[in-house]
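Residue-level structural notes
One letter stands for each residue in the lines below.
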Amino acid sequence: MSEPIKTDVVIVGAGPIGLFAVFELGLLDMKCHLIDILDKIGGQCAELYPEKPIYDIPGIPFTSAQGLVDALLQQIKPFNPLYHLNEMVETVEKIGDPLFRVTTDQGKVFEAKIVVIAAGGGSFQPKRPPIPGIEAYEGKSVHYAVRKMESFRDKRVLVVGGGDSALDWTLNLAPIASHLTLLHRRSEFRAAPDSVNKMMALVGDGKIDLVVGQVTALSGGDGQISKAMVKTNDGSAFEIACDALLPFFGLTMKLGPVANWGFELKNNELIPVDSAAFETSIPGIFAIGDINWYPGKLKLILSGFHEAALMAQKAYRYVYPEKRLVFQYTTSSTSLQKKLGVAPERPAAPARAAT
Amino acid sequence: MVQITFIDSRGTARTVEGEAGSTVMETAIKNGVPEIEAECGGACACSTCHVYIEEAWREKVGEPSPMEEDMLDFAYNVQPNSRLSCQIKVREDLDGLIVRTPDRQA
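A brief look at the structure comes next. Bear in mind the structure is a predicted one, so any value in this text is a computation, not a measurement.

1. A few points about the interface of chain B and chain A
Taken together, the 16 residues of chain B in the interface contact 17 residues of chain A. Of the roughly 1600 Å² buried between chain B and chain A on both sides combined, carbon and sulfur atoms contribute 49%. The three residues of chain B that bury the most area against chain A are Asp73, Phe74 and Tyr76 of chain B, which together make up 37% of that side's buried surface. Measuring nitrogen to oxygen at the nearest pair gives 2.7 Å for the salt bridge that ties Arg186 of chain A to Asp70 of chain B. Taken together, the links from chain B to chain A amount to 11 residue pairs in polar contact (both at pLDDT 80 or more). Within the side of chain B that touches chain A, the residues separate by chemical class into 8 nonpolar, 3 polar and 5 charged.

If you want it as structure tokens, here you go:
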């Protein structure tokens, strides 16, 4: 286990609400680390619909989802939050009053006075294709990600899908595998045209096989796959012998480890909070945005922003129990403006060397 | 008003009224039709409003766009008559449309 990273706040999820929480917490002098399972900042907005329009952010008649993420990043820049991407929070343990130990699936450990869960619909995880009995092979011979290319050396590999992940791994594993088959349900690919051309060249040279169809069943034993039954669009069926299957069917949202952190969930998927500070049943752990529930809850980005602001007021009392919180406006408070790096220039006092 | 019939994976049919200009997915959600999830809310950014178009209606409904085809790659058990219901606009000439829903979405 690595040396713990000590911070005021760990925010679980780097979507729009997690990002705005950095702003509200930052104005009150609390430092944040954000952890997200995606490889990018912005959550659903960046992963699912970056180019789609959003019309209901107050004061912004129109923006794109990615545009909103970019604007939030600019807004929170003065607070220098730290990002830990491609990491999923696995456990949150209470070790003080309040103090929490947060551990990720990559073995990173944080010690934070406050934990803010802004995990939206949960963690993005690879979609499991609807092949009966596939669970029995997962982790052993069916993989949804490639961690070590060497583990596929001299194996018969079957890659399924038509997007960038499927094509990238086809190209990367072609020289390593003893035989590689790419299977896709149609002959058009949504992956980058350059990758598709490279793949087609390998097919032309007889280095890999390309098959149009869908997997209907697997056979093998003891977690080790031996062949996949494939049906083509015209109804014919045949088998592909393989030692490893790599399905790339995109991502889906699952609640994930949050379910084990000790909350009594609403409808098995939402974390109940009070609507005064959006604090959970565990003092010091807050939940904001789409993942929380309280009477009247609306899953709107603007509601999440409101929740972040109120959460920060309560969080301050835990992080600075001895200090008095004075409510201030960014419009008029010089101290807030200083934190934002926008304090009006004043005539400089005569320089004097410190002694 | 346009009548649309959704037949679920167990064979139960539900006929509901859709408004011209809205989508088949919105019609399903508004009327609480099961087996349509529409996780992304109609942005053609997921594949959880997948339906099968009844054979007699396929020509009138039309083929998916290239963008919709790309999203259909993520759907389960895709058939030649698969469509994403958020991408089908309700029109007067679709009155009587019949679609089937799959036993699982994402």
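2. Here's the deal with the environment of Ala177 of chain A
Residues and elements named next belong to chain A. Looking at the element boundaries, Ala177 is found in the loop between α4 (164-173) and β11 (179-184). Take Ala177: its relative accessible area is 9%, and that puts it in the buried class. Not counting residues up to four positions away in its chain, the partners in contact with Ala177 are Phe152, Asp154, Lys155 and Val157.

3. Things to note about the sheet that holds strand β14 (residues 224-231) of chain A
Residues and elements named next belong to chain A. What the 3 strands build is an open sheet, ordered β13-β14-β15; its pairing is antiparallel. Strand pairing shows two members of the sheet lacking a second neighbour, β13 (214-221) and β15 (237-241), which therefore form its edges. For this sheet, the mean angle separating the axes of adjacent strands, direction not counted, is 25 degrees. In terms of strand pairing, β13 meets β14 through 7 bridges, oriented antiparallel. Residue Gln214 lies in a different strand from β14, and its bridge partner there is Lys231.

Thresholds, definitions, all that
Residues numbered from 1 in each chain as written. Chains lettered and ligands numbered in written order. Predicted model: local features only at pLDDT ≥ 70, side-chain atom pairs only at ≥ 80, totals over all residues. Heavy atoms only, no water. Contact = heavy atoms within 4.5 Å. Buried area = accessible area lost by both parts, 1.4 Å probe. Salt bridge = Lys/Arg side-chain N within 4 Å of Asp/Glu carboxyl O. Polar contact = N/O pair within 3.5 Å; in protein donor to acceptor, adjacent residues only side chain to side chain. Nonpolar A, V, L, I, M, F, W, Y, C, P; charged D, E, K, R; others polar. Helix = DSSP H or I, 4+ residues; strand = E, 2+ residues; numbered from the N terminus. Buried < 20%, exposed > 50% of the residue type's maximum accessible area, 1.4 Å probe, protein only. Pairing = 2+ DSSP bridges. Axes fitted to C-alpha atoms, helices over the stretch in contact; angles between N-to-C directions.

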